[in-house]
Amino acid sequence: MTRTDPTDVPRPDAQLHFGVFFQGVNHWTIWSDPASGSQIDPASFLRVARTAERGLFDAFFLGDGQRLRESEGGIHELDVAGRPDSITQLSALAAATDRIGLVSTSNTTYNEPADLARRLAGLDLLSGGRAGWNMVTTHNAWTGENFRRGGFLDHADRYTRAEEFLTVARSVWNGWSEEAVAASADARSWSVPGAVGRVRSRGAHFDVDLAPTLPRSTQGHPVIFQAGDSGEGRDFGARNADVIFSAHGLDFDDALGFAEDVRRRLRAVGRPEDALRILPGTEIIIGATEKEAEEKARWVRLEQVTPAVALGIAGRLWNIDLSGRDADGPLPAEDPVIVEYTGKFGSSRFRDTLATVAEWRAKAEANGWSLREAVIELGPQRGHVGTPAGLAEKFARFVRYGAVDGFNVSPYLVPEGLDDIVDLLVPALQERGVYRTAYTGTTLREHLGLAPVE
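Residues numbered from 1 in each chain as written. Predicted model: local features only at pLDDT ≥ 70, side-chain atom pairs only at ≥ 80, totals over all residues. Heavy atoms only, no water.

### Let's talk about the overall build of the protein
What counts is decided by this rule: Secondary structure counts use DSSP, requiring at least four H or I residues in a row for a helix and at least two E residues in a row for a strand, with both numbered from the N terminus. Only C-alpha atoms enter the radius of gyration; for comparison, a globular chain is expected to reach 2.2 Å times N to the power 0.38, where N is the number of residues. Accessible area is worked out with a 1.4 Å probe on protein chains only. A residue is then buried under 20% of its type maximum, exposed over 50%, and partly exposed in between. Here, Shrake-Rupley sampling with a 1.4 Å probe gives the accessible areas, and only protein chains in the shown set may cover a residue. Charged residues are defined here as Lys and Arg on the positive side and Asp and Glu on the negative side; His and the ends of the chain fall outside this count. In plain terms, the charge of a residue is placed at NZ if it is Lys, CZ if Arg, CG if Asp and CD if Glu.
Along its length, the protein carries 13 helices and 13 strands. In terms of C-alpha radius of gyration, the protein reaches 23 Å, essentially the compact-globule figure of 22 Å for 454 residues. Principal-axis analysis of the C-alpha atoms places the extent of the protein at approximately 80 × 55 × 45 Å. Residue burial in the protein is summarised as follows: out of 454 residues, 53% are buried. Roughly 20200 Å² of accessible area belongs to the protein as shown, and the carbon and sulfur atoms make up 50% of that amount. A gap of 4 Å separates the mean positions of the 49 positive and 64 negative side-chain charges of the protein.

Laid out in structure tokens, this is it:
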């Protein structure tokens, strides 16, 4: 592979950023391998976080969820499962790590801003300014049943609530002035009079009146992460986020198109183009040769997409129960059932069911694929496969042309899934001058090269 000439690219000094996403509930983490560890044992979290820190990653992301995934009213049995409270777990990791950022996925639909903002501020102070908040607008219907609410907010209402939520949270984080605590033991009060302001906010979703309990952290307040691929989601991110997750990180042209669209939206709201970072989610599979990498990727896919998983994914496309079918047999002959989205896990997630089924049938027939092979080839695609040198060149091109700022890595194996990346890929990136050789700051905001909070 020809090396990317750093003198002939739009961003010759760009540096690649890595985060690691500890998912908890999913079917992509291979649970059947003898090296697979627990999704809830603190040792698993610690091993992944420390490996990422050894590899100079920007952040450790912990997926959160107040309920296990369900399908048609029952627990989705194909997931590996484990979801401790993310802020609690990250607070423990703050004491066991030194530099890596600690990002909590916490939803705005089933939390309250005064409470969540206070807990995130506590994590930020405890970690010395390393906290981040991955804002999600939970869309599933069953989580509301935890609170006897049931149902879920409409798409537009979720973003309206999220924006109001963030406005309140930032007011809480900014509630103390920089010199709030008295400078002398002889002062009349522990705080400078008027230095702790009240937060009063009355809107469509929240009616808040409080006095914040914590000062700002070293980095000002937690870094805001956001994922949303709709036009409204991209606008929300352009207005509010420090980092955007995306699903546009496999194909270079697709990634660049997404990045350029986000930058147009940034300019439209009066923010500079470098005001946020774009980190697509990905999986990285490494081999000593391209052939070895492809063979390893094939093994990973077969372990991830078991016969039961293949039938489950295809069942969500056809919207019929395929659990009794042969995954190594042909695709279903039946027409798919078109259903209205209800928030249930079993409802269709495919944008155009009829067109997708037609595509799957045509490609399966042309290639002689079984149902399972079709799911592997045409279902959700996971990431990048190659040698350390080949991947380093590919990623250098992505970042120096501005298609991405880095990647948020989902390991296919926990807790050992980062070892090849840290031991093999990171040195290859460093050799090309596209990855840090040491942390140069102490806060997550500094790791990401973001402007200070005003």
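### Quick notes on the domain arrangement of the protein
By convention, interface size is frequently given as the accessible area that disappears when the constituent parts associate. Our working definition: Delimitation of the domains relies on an automatic or database domain assignment.
Domain annotation of the protein identifies domain 1 (6-287 + 387-447) and domain 2 (291-378). Relative placement of domain 1 and domain 2: their C-alpha centres are 30 Å apart.

### Considerations on unusual backbone geometry
Glycine aside, negative phi is the norm for most residues, and most peptide bonds take the trans geometry. Of note, the bond from Val414 into Pro415 is cis; its omega dihedral lies within 30 degrees of zero at 10 degrees. With respect to the helices and strands, the residue Pro415 is situated in the loop between strand E13 (406-409) and helix H12 (419-431). The phi dihedral of Asn319 falls on the positive side, at around 60 degrees, and the residue is not glycine. Summarising the element assignment, Asn319 is placed in the loop between helix H8 (307-318) and helix H9 (353-367). According to the relative accessible area criterion, Asn319 is buried, its value standing at 15%.

### Comments concerning helix H7 (residues 290-304)
Formally: A helix is expected to span 1.5 Å multiplied by its residue count minus one. Think of the arc as the fan of directions from the helix axis to the C-beta atoms. Working rule for contacts: check all heavy atoms of both residues, and any pair within 4.5 Å makes them a contact.
With 15 residues, H7 should cover 21 Å at 1.5 Å per step; its first-to-last C-alpha distance of 21 Å lies within 8% of that length. For H7, the full list of buried residues reads Ala293, Ala297, Val300, Arg301 and Gln304. The arc enclosing the buried residues of H7, seen along the axis, measures out at 95 degrees, which places them on a common side. Buried-residue contacts for H7 involve strand E11 (277-286), H8, helix H10 (371-378) and strand E12 (383-386).

### Focus on the pattern of salt bridges
Stated formally: Whenever Lys or Arg places a side-chain nitrogen within 4 Å of a carboxyl oxygen from Asp or Glu, that contact is recorded as a salt bridge.
For the coordinates displayed, the defined rule picks out 24 salt bridges. Here Arg119 ties to Asp85 by a salt bridge, and the two come within 3.9 Å at their closest N and O atoms. Here Arg119 is found in helix H3 (residues 113-126), whereas its partner Asp85 is found in the loop between strand E4 (74-75) and helix H2 (86-96), with 34 residues between them in sequence. Judged by its relative accessible area of 33%, Asp85 falls in the partly exposed class. Across the salt bridge formed by Arg161 and Glu112, the nearest N and O atoms sit 3.6 Å from each other. With Arg161 in helix H4 (residues 155-173) and Glu112 in the loop between strand E5 (101-107) and H3, this residue pair connects regions lying 49 residues apart in the sequence. The network of salt bridges with common partners includes Asp229, Arg234, Asp235, Asp261, Arg264 and Arg265.

### Topic: the environment of Pro452
Within the secondary structure layout, Pro452 lies in the segment after helix H13 (444-447). With a relative accessible area of 70%, Pro452 lands in the exposed category. Between the C-alpha atom of Pro452 and that of Thr218, which follows or precedes it by 234 residues, the distance is 10.0 Å.

### Looking at the environment of Val404
Inspection of the secondary structure puts Val404 in the loop between helix H11 (388-400) and E13. According to the relative accessible area criterion, Val404 is buried, its value standing at 1%. Sequence-distant contacts of Val404, that is, excluding residues within four places in its chain, are made with His248, Ala255, Ile278, Pro280, Phe398 and Val399.

### Thoughts on the side chain of His221
Tracing the sequence through the fold places His221 in the loop between strand E8 (207-210) and strand E9 (223-227). Exposure remark for His221: the relative accessible area of 7% places this residue in the buried category.

### Things to note about the pairing of E5
In summary, the side chains of a regular strand alternate between the two faces of the sheet. Applied cut-off: At least two bridges found by DSSP between two strands is the condition for calling them paired. Look down the strands so they point away from you; if going from the first strand over the helix to the second traces a clockwise path, that crossover is right-handed.
Counting buried residues along E5, seven of its seven residues qualify, which places the element largely inside the surrounding structure. Both faces of E5 are covered, namely the face carrying Gly101, Val103, Thr105 and Asn107 and the face carrying Leu102, Ser104 and Ser106. Where strand E2 (residues 59-62) meets E5, four bridges bridge the pair, whose relative direction is parallel. For Leu62, the partnering residue across the bridge sits in E5 and is Ser104. The pairing of E5 with strand E6 (residues 131-136) spans six bridges and is classified as parallel. From the neighbouring strand, Thr105 faces E6, where its bridge partner is Asn134. Crossover connection from E5 via H3 to parallel E6: handedness right-handed.

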